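Read off the chains here:
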Amino acid sequence: MGIAYYSDQQLFHLQAKDCSYVFQVQKNQQLSHLYWGRSLHNPVDAVSLLTIEGRPFSTQLDPDDQGFTTEFLPQEYPAFGSGDFRQPAYEAEWSSGSRITELQYQGHEILAGKPKLPGLPAVYVESAEEADTLLVYLSDPDGLDVTLQYTVFANESVITRSALLRSTGDEPVVLKRVLSANVDFADSDFRMVQLSGAWGRERMVCERALSQGLQAVESARGASSHQQNPFLALQRLDADEHQGEVFGFSLVYSGNFLAQVEVDSFQQARVQLGINPRDFSWQLDPGEALQTPEVVMVHSAQGLNGLSQTYHRLYRTRLARGRFRDEPRPILINNWEATYFDFDEAKILTIAQQAQNLGVELFVLDDGWFGERDDDHTSLGDWFVDKKKLPNGLQGLAAKINDLGMKFGLWFEPEMISPVSQLYQQHPDWCIHVPGRRRTLSRNQLILNLARPDVQDYIIQAISEVLRSAPIEYVKWDMNRHMTEVFNPELPAHRQKETAHRYMLGLYRVLEVITGEFPHILFESCSGGGGRFDPGMLHYMPQTWTSDNTDAVERLKIQYGTSLVYPVSSMGAHVSAVPNHQTGRITSMAMRGHVNMFGNFGYELNLTELANEDLETIRQQVAEYKEIRQLVQQGTFIRLLSPFAGNETAWMVVSTDQEQAFFGYYRVLAEPNPRHYKVKLRGLDPNKRYRIVGTSWTLGGDQLMYGGLNVYKLARELQRHRGDFTSVALRLQSEAQ
Ligand code: DGJ
């Protein structure tokens, strides 16, 4: 591992665990990209890695060297307007109106460890040996400095990238586009993988072939969004879930983003990620700087599963922070789908009592406890308790929940304001709006302008006051609409397009302060389910409500897709009532449990209305989850059968020591006279024998992996093979040899 610089060739060789990344300073002092892929030995031969030659019509930077053109040159941080017609990594406009810049290499520094990114979430290290960082200093003679930051991880095939841009001239420079990373591949023999969807069906795995031109995913909604996730992967044509080369790009940011691939006329693929240039610009006054968010780039030679496992380890242990990063997450009961807004203390306590009887550990009071919030038309911003519903206040309710032996958690939507609220009466100008124009509503609410420091301070103070008022040990931080009429009356006209990013910086400041002040609280982020399921939020809150869609069949796709990037420990997964509130589908309590136990487990239904049989199943699920919780939340997650490919889904988690595993198999529709399906397990020790808990079966790890587990036979034995929506979830325990 490490970063080597070869001064004779002005070449950088970055070596992460199993991959190399190589670039070089060209004769015009620009950085060209030479290679990213499996590890290379030193020395690498730059000449054969780089193809650069003149073509008809190509631009010439040097009149004496016809062959030297940046038009097709693979680059590290390409500029606009002087020889490369592809998408630039950044665009700057000088006060003359000129948009021409050329970044030239000035020098570099290599540091042990990884510096923090000021004001932004990022992956971190706990000791300097875990990573090395390269800072490459570039500058344009008219007054723009750019520092490219690369961090290389010793124990993971991970390279992180970001850029810092600083104005060094006498006049302001306006940045029209500032992406975080640019990687130019020598070919485009890939499929592009993205996570796309909508409310209630977030992060569906979508793939497409690359072809000449642009292919992009983006958000311009003021949040990372349900519709697209700030992620893309390039998968070699011969790669699959378990083998072959895959390159992943994940942006640690929760706002508007762009992730795109441009294939040029020589089939070279240019990948770029960063803040969405749509409706963005940023003025740098002399001496000012802008730091871009970070892109986490993962190389896998073990297919998509290999890619995901690297992201899972990194995001679970080096992106998430705080006590709950490593502590077991409690099994919770949330009252949202049980009561919606219609509750009082007595009703809450009966549900909590029943939950406690079944072994549930945390009660979460969802929306509706504050102001006059009897529906979603009012009260966001009025963070004081509704005494009609809770006459003893939060303190009184929490104490009673604590007396039952459970922890107490609370829902907030701090970034929002209802036009029908006391806060709005006092501060009608605090929401994002254009003075004199319509304020477009969504879910009957407006967004507070977190770009304003006074609004940030208000949120910190209002939320902290509630958190101090009662023994609250969990917070669900919700956000239920996207941005419209983006404008900040506090900024001058030429800075208006900074608003959406300034909002994110404000939000990150608020989250840093609140989560820092209340380290004993487990925070879960939410945005109408998984509308802000991104690495930025995970830096502050180690788990996210995966989707408002709690249907067990739908959750197979949602959780499978989410697992491409995000660890099981980040996914909130709750059993809800049937018929399901989102789809009307009826699945068994067993299947609902089997799906959600591959997540941070909980319940979201009225436990006082269930039949005894269901209650007994819940009791068993809760007891079982407690036994496998550490394995599920910290083990290695492996996808086996994709719900996007057919009727069956399978996945498993294996403990790091390969002593235990938990396997889930799901069949959506019944088939008459079905095939004898066997599922080949993975990640086990071929030399160990595994007992399948609750059955008479004991099998070798080798047989389970190479011969497969006869799920058909097992499902029959367990009486779980008939009808639609069947599942088995099995614990495997290694036997002493
Ligand atoms: C959207 C969330 O995703 C739901 O779980 C619930 O908390 C509602 N908001 C409450 O308004």
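Just so you know, these numbers come straight off a predicted model, no measurement behind them.

What exactly am I supposed to notice about the overall build of the chain here?
Check the secondary structure of the chain and you find 14 helices and 38 strands. Radius of gyration (C-alpha) of the chain: 27 Å, near the 27 Å computed for a compact globule of 737 residues. Along the first, second and third principal axes, the C-alpha set of the chain runs to 85 × 70 × 45 Å. Counting all 737 residues of the chain, 62% fall into the buried class. The contacts of the chain with a sequence gap of at least 6 include a subset with a gap of at least 24, amounting to 69%. Summed over all atoms, the accessible surface of the chain reaches about 26500 Å², with 48% contributed by carbon and sulfur. Taken as two groups, the 68 positive and 90 negative side-chain charges of the chain have centres that lie 6 Å from each other.

Is there a simple way to explain the site of the ligand in this structure?
Lining the immediate environment of the ligand, one finds 13 residues, of which Asp366, Asp367, Lys476, Asp478 and Asp548 sit closest. Between the ligand and Asp478, the relevant distance is 2.7 Å, taken from a nitrogen atom to a side-chain nitrogen or oxygen of the residue. Contact with the protein chains covers 98% of the free accessible surface of the ligand, which is 290 Å². For the shell around the ligand, a count of residues per class yields four nonpolar, three polar and six charged.

Looking at this model, I keep getting lost on the nonpolar core. Mind explaining?
Soluble globular proteins tend to pack their nonpolar side chains together in the buried interior. Judged by nonpolar contacts, the single largest core of 160 residues is most densely connected at Phe249, Leu365, Trp369 and Trp383. For this core, the leading source of residues is helix 7 (residues 453–469), giving eight residues. Dropping the residues within four chain positions of it, Trp369 is found in contact with Phe343, Trp383, Phe384, Val385, Asp386, Leu390, Leu394, Leu410, Trp411, Phe412 and Val466.

Teacher, can you tell me more about helix 5 (residues 393–403) here?
Because each turn of an α-helix spans 3.6 residues, side chains separated by three or four positions end up pointing in the same direction. Those residues of helix 5 not exposed but buried are Gly393, Leu394, Gly396, Leu397, Ala398 and Ile401. Along its buried surface, helix 5 packs onto helix 4 (345–358), strand 22 (362–365), strand 23 (407–412) and helix 7. Backbone geometry just downstream of helix 5 places Gly405 in the positive-phi region, at approximately 95°.

I tried to follow the layout of surface pockets on my own but got confused; where do I start?
Remark: the empty space left among the atoms is shown by a probe the size of a water molecule rolled over them. A volume near 500 Å³ is recorded for the largest pocket. Taken together, 24 residues line the largest pocket, and the ones lying closest to its centre are Gln302, Asn305, Gly306, Gln309 and Arg313. Counting residues per element, the ones that place at least two in the lining of the largest pocket are strand 20 (294–300), helix 2 (303–318) and strand 31 (636–641). Per-class residue counts for the lining of the largest pocket are three nonpolar, 15 polar and six charged.

I would appreciate a short explanation of unusual backbone geometry in the present structure.
Peptide bonds are, in most cases, trans, and in most cases residues other than glycine have a negative phi. With omega at -5°, the peptide bond leading from Asn42 into Pro43 counts as cis. Positive phi, close to 45°, is recorded for Arg443, a residue that is not glycine. Residue placement: Arg443 occurs in the loop between helix 6 (422–426) and strand 25 (446–447). On the accessibility criterion, Arg443 (27% relative accessible area) is partly exposed.

Looking at this structure, I do not really get the sheet that holds strand 3 (residues 19–25). What am I missing?
Hydrogen bonds between backbone atoms are what pair the strands of a sheet, whose relative direction is either parallel or antiparallel. Here we have four strands laid out as an open sheet, ordered 1-2-3-4, and antiparallel in their pairing. The sheet terminates laterally at strand 1 (2–6) and strand 4 (31–38), the two strands that pair on one side only. Strand-to-strand twist in this sheet, taken as the mean axis angle between neighbours without regard to direction, amounts to 15°. As paired strands, strand 2 (residues 11–15) and strand 3 are joined by five bridges and run antiparallel to one another. Residue pairing across strands places Phe12 opposite Phe23, the latter belonging to strand 3.

Help me understand the pattern of salt bridges in this model?
Side chains carrying opposite charge are able to pair once their charged atoms draw close together. Applying the stated criterion across every chain, the model contains 52 salt bridges. Among the ionic pairs, Arg495 bridges to Glu288, the shortest N-O distance being 3.5 Å. Note that Arg495 is positioned in the loop between strand 26 (474–477) and helix 8 (499–517) and Glu288 in the loop between strand 18 (282–284) and strand 19 (289–291), a separation of 207 residues in sequence. Overall, Arg495 belongs to the buried group, its relative accessible area being 10%. Through salt bridges with shared partners, one network takes in Asp84, Arg86, Asp184, Asp264 and Arg270.

I'm lost on the pairing of strand 12 (residues 201–209) in this one. Help?
Taken residue by residue, a regular strand's side chains alternate between the two faces of the sheet. In the sheet, strand 11 (residues 190–198) pairs with strand 12 via seven bridges, with the strands oriented antiparallel. The partner of Leu195 across the bridge, within strand 12, is Val205. Connecting the antiparallel pair strand 11 and strand 12 is a turn made up of two residues, with Gly200 showing a positive phi of about 80°.

I would appreciate a short explanation of the packing of helix 4 against helix 12 (residues 612–634) in the present structure.
Packed helices, taken two at a time, are described by the angle between their axes plus the distance between the axes. Two elements in contact, helix 4 and helix 12, have axes separated by 9 Å at closest approach and are oriented at 60°. By the angle class used here, helix 4 and helix 12 are oblique. The segment helix 4 lies against helix 12, with Gln354, Asn357 and Leu358 engaging Leu615, Ile618, Arg619 and Val622. When the residues that make up the contact of helix 4 with helix 12 are grouped by side-chain class, the tally is four nonpolar, two polar and one charged.

Calculation notes
- Residues numbered from 1 in each chain as written.
- Predicted model: local features only at pLDDT ≥ 70, side-chain atom pairs only at ≥ 80, totals over all residues.
- Heavy atoms only, no water.
- Helix = DSSP H or I, 4+ residues; strand = E, 2+ residues; numbered from the N terminus.
- Rg over C-alpha atoms; globule rule 2.2 N^0.38 Å.
- Buried < 20%, exposed > 50% of the residue type's maximum accessible area, 1.4 Å probe, protein only.
- Contact = heavy atoms within 4.5 Å.
- Areas by Shrake-Rupley, 256 points an atom, 1.4 Å probe, with all protein chains shown as cover.
- Lys, Arg positive; Asp, Glu negative; His and termini not counted.
- Charge placed at Lys NZ, Arg CZ, Asp CG, Glu CD.
- Near = heavy atom within 4 Å.
- Polar contact = N/O pair within 3.5 Å; in protein donor to acceptor, adjacent residues only side chain to side chain.
- Nonpolar A, V, L, I, M, F, W, Y, C, P; charged D, E, K, R; others polar.
- Core = buried A, V, L, I, M, F, W, Y, C linked by side-chain atoms within 4.5 Å.
- 1 Å grid on protein atoms, 1.4 Å probe; cavity = no way out; pocket = protein on both sides within 12 Å on 5 of 7 lines; lining within 4 Å.
- Points joined across faces, edges and corners; volume = space filled by probe spheres on them.
- Pairing = 2+ DSSP bridges.
- Axes fitted to C-alpha atoms, helices over the stretch in contact; angles between N-to-C directions.
- Salt bridge = Lys/Arg side-chain N within 4 Å of Asp/Glu carboxyl O.
- Parallel < 35°, antiparallel > 145°, perpendicular 65-115°, else oblique.

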